[in-house]
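Reading the structure
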Amino acid sequence: MRKRWGWAGLLGVLVASGVEAADAKDDKPPKVETPKGDKGFAIASDDGNYRLGAGLQSGYKLEPVWQDGESKSRTAFPFLRPRIYGNVYRPWISFWTSLELASPLAPYVLDSYVDLQPWKVAGVRVGQHYTPLSRHESLGPQQILFPEFAPVANYFWTGRDKGVTFMGTTDTLEYYAGIYGGSPLRSITSDPGRWVSNARLTVSPMGPMGYGELPYIMSDEKGAPLRVSFTVQGAGGKVERRDENFNVETGGFDITDEGVRKFATGGVDFMLQAQRFTFFMEAYLERTNPEETGSSYTSVGAWAQADYVFYKKVLDAGVRLSWLDASRELTDDTLYIAEAQLAWFVDAPILAIKLRYQHAHQASPDPALLGAVNLAKEAGTSNLLTLQLNLAF
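All of these numbers come straight from a predicted model, not from anything done at the bench. (Residues numbered from 1 in each chain as written. Predicted model: local features only at pLDDT ≥ 70, side-chain atom pairs only at ≥ 80, totals over all residues. Heavy atoms only, no water.)

**Looking at the overall build of the protein chain**
So the rule is basically this: Helix and strand labels come from DSSP, where a helix needs a run of H or I of at least four residues and a strand needs a run of E of at least two; each type is numbered from the N terminus. Partly exposed residues are those whose accessible area sits between 20% and 50% of the maximum for their type, while under 20% is buried and over 50% is exposed, using a 1.4 Å probe and protein chains only. It only takes one pair of heavy atoms within 4.5 Å for two residues to be counted as in contact. Using a 1.4 Å probe, the Shrake-Rupley method yields the accessible areas, and only the shown protein chains count as cover for residues.
Check the secondary structure of the protein chain and you find 3 helices and 20 strands. Counting across all 393 residues of the protein chain, residues that qualify as buried make up 44%. Long-range pairs, those at least 24 residues apart, make up 58% of the contacts in the protein chain between residues at least 6 apart in sequence. Per element, the accessible surface of the protein chain, about 20,100 Å² overall, is 63% carbon and sulfur.

So this is what it looks like as structure tokens:
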């Protein structure tokens with residue numbers, strides 16, 4: 001017997017079909033997308049309010065080192081950093097957490113922070129993160145030109161710390177200002193009575209600069225047009241520095257407390273991009289007052305690098321020069337470094353191969369005269385040849 005349908009029955013079928021379709025739509029997996037900026041992958045909700053990405057910043061190197069003519073130990077993994085990142089509730093509430101696995105001690109939290117930035121011109125970052133002193137040090141390993149960060153920038157940089165940074169950008173300005181706990185990176189707590197403050201203002205009067213220290217390599221079909229940019233910055237605080245040294249008897253690392261010290265640092269930088277050519281430099285002046293000795297000293301240093309992309313957006317040649325006087329009050333404590341590099345950016349910034357030669361000389365007075373002064377490198381003359389593969393996504 002043939003079944004007859006009335007309007008009510010037909011309406012019921014249509015409603016039921018709509019509900020099933022809605023349920024099927026709700027059950028579909030979140031979309032997979034390519035993150036903005038660096039290449040990689042992430043999953044996200046349809047409205048973009050919830051997003052989760054995963055990635056890795058890694059370096060693998062072969063690096064023969066000679067110190068005063070003698071072969072020295074080498075580091076195979078300069079950095080090995082898995083990371084997760086994304087946003088929750090709204091696209092302007094983002095998060096980032098990364099670990100450092102290339103550590104002789106147990107792996108540790110490198111960065112873990114939350115950004116609240118409803119407007120480009122005003123935002124805040126809370127958690128453990130890189131302090132803004134030094135534009136160079138604020139970049140990721142895949143964004144810099146040489147295999148690792150410049151030794152002079154490392155010497156003056158205030159490192160990663162726990163605290164809050166206020167920040168904002170326009171087409172011509174970037175500003176950062178923050179206050180931090182002044183505690184060691186591997187500590188999950190902040191030491192009482194310790195603090196660090198930072199401020200940086202970067203001005204790009206001709207418009208925004210390109211990507212990191214690779215503006216032409218990472219540019220679109222328009223290339224990297226002529227731009228100049230400069231920074232004024234400062235930092236100060238009261239910290240307790242700690243040094244890690246390898247103990248051959250125990251096979252582990254001993255942490256040495258170097259004492260409480262107050263410091264004040266000022267710095268400038270300048271960057272020029274002109275299509276295939278890029279130039280970047282930083283200079284620093286720092287006054288340090290160790291509490292135990294009460295003998296203040298002044299440190300001054302500068303470094304500069306230049307590179308030229310000589311084949312498509314793939315092959316690049318660069319040089320870097322560095323100079324550091326750890327204490328103006330001492331003699332024979334100056335560091336000189338000269339470096340030259342050929343780089344093959346196979347798929348920038350994901351995959352790059354870098355061949356670098358470095359010659360360095362660290363002078364040192366009698367160790368008894370150094371006191372609380374820290375040298376940037378081991379005393380003597382060193383030569384190293386680096387073949388490094390960078391993988392970052």
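Now, onward.
**Section: the nonpolar core**
Short version of the rule: As used in this record, nonpolar core signifies buried Ala, Val, Leu, Ile, Met, Phe, Trp, Tyr and Cys residues forming a set joined through side-chain atoms within 4.5 Å.
Counting residues in hydrophobic clusters, the biggest one holds 26 residues, and the most contacted among them are F156, W303, L324 and V373. Among the secondary structure elements, those contributing two or more residues to this core are α2 (151–156), β13 (227–247), β14 (252–274), β15 (277–290), β16 (297–311) and β18 (334–347). If you look at the next biggest cluster of nonpolar residues, it comprises 12 residues, including F146, A343, A348 and A352.

**Quick notes on the pattern of salt bridges**
A pair can form between side chains of opposite charge whenever their charged atoms are brought close. Where we set the bar: Just to be clear on terms, a salt bridge is a Lys or Arg side-chain nitrogen sitting within 4 Å of an Asp or Glu carboxyl oxygen.
Tallied over the full model, the rule gives 15 salt bridges. Residue R320 is joined to E148 by a salt bridge in which the shortest nitrogen-to-oxygen separation is 3.7 Å. Here R320 is found in strand β17 (residues 315–325), whereas its partner E148 is found in the loop between β9 (122–130) and α2, with 172 residues between them in sequence. The class of R320 is buried, set by a relative accessible area of 0%. A salt bridge links R356 to E339, with the nearest nitrogen and oxygen atoms 2.6 Å apart. Placement of R356 in strand β19 (residues 351–362) and of E339 in strand β18 is noted, with a sequence separation of 17 residues between them.

**Things to note about the environment of L389**
Residue placement: L389 occurs in strand β20 (residues 380–392). Look at L389 and you get partly exposed, because its relative accessible area is 32%. Along the chain, L389 and L62 lie 327 residues apart, while their C-alpha atoms are 9.1 Å from each other. Excluding anything up to four places from it in sequence, L389 contacts S58, G59, Y60, L351, A352 and I353.

**Some points on the packing of aromatic side chains**
Which entries qualify depends on this criterion: Here the aromatic set is Phe, Tyr and Trp, taking the six-membered ring for Trp, and pairing holds for ring centres within 6.5 Å; pairs whose planes are under 30 degrees apart are stacked, those over 60 apart are edge-to-face, and all others are tilted.
The full count for this structure, using the stated rule, is 6 aromatic pairs. Look at Y60 and F77: their rings are 5.8 Å apart centre to centre, the planes differ by 80°, and that puts the pair in the edge-to-face class. Of the two residues, Y60 sits in strand β3 (residues 51–62) while F77 sits in the loop between β5 (70–72) and β6 (80–87), which places them 17 residues apart along the sequence. Cluster of aromatic residues (ring-pair linked, three or more members): Y155, F156 and Y284.

**What about the side chain of D333?**
On the secondary structure map, D333 appears in the loop between β17 and β18. With near-sequence residues (within four places) excluded, D333 lies in contact with L324, D325, A326, S327, Q362, A363, S364, P365 and L375.

**Observations regarding a nonpolar patch on the surface**
Here is the rule: Nonpolar side chains (Val, Leu, Ile, Met, Phe, Trp, Tyr) within 5 Å and like charges within 9 Å form the patches, drawn only from residues with over 30% relative accessible area and no salt bridge.
On the surface, L62, F277, Y308, F310, Y311, L342, L355, Y357, L385 and L387 cluster together into a nonpolar patch covering about 970 Å² of accessible area. Top element by residues in the nonpolar patch is β16. It accounts for 3 residues. Residue placement: L62 occurs in strand β3.

**Some thoughts on the confidence of the model for the protein chain**
For any part of a model where pLDDT is low, the fine detail of the predicted coordinates should not be relied upon. Note the following rule: A residue's pLDDT is the confidence the predictor assigns to it, expressed on a 0 to 100 scale.
Looking at the protein chain as a whole, its pLDDT mean stands at 87, while 85% of the residues score no less than 70. Across residues 245–255, where pLDDT falls below 50, the model places 17 contacts with residues more than four positions away in sequence or in other chains.

**A short note on the side chain of S134**
For S134, the location among the structural elements is in the loop between β9 and α2. The buried category is assigned to S134, whose relative accessible area is 0%. Look past the residues within four positions of S134 in its chain and what remains in contact with it is A153, W157, R200, Q233, E282 and Y284.

**Side note on unusual backbone geometry**
Across the junction of A348 and P349, the peptide omega takes the value -5°, indicating a cis bond. Along the polypeptide, P349 turns up in the loop between β18 and β19. The phi angle at Y89 is positive, at roughly 70°, despite the residue not being glycine. Positionally, Y89 belongs in the loop between β6 and β7 (93–100). Even without a glycine there, the phi angle at K312 is positive, about 50°. Relative to the assigned elements, K312 resides in the loop between β16 and β17.

**Side note on the environment of S382**
One can find S382 in strand β20. On the basis of relative accessible area, S382 is assigned to the buried category, the value being 5%. Each C-alpha atom of the pair S382 and E70 lies 9.0 Å from the other, and the pair is 312 residues apart in sequence. When residues no more than four places from it in sequence are discounted, the contact partners of S382 are W66, Q67, Q358, H359, A360 and K377.

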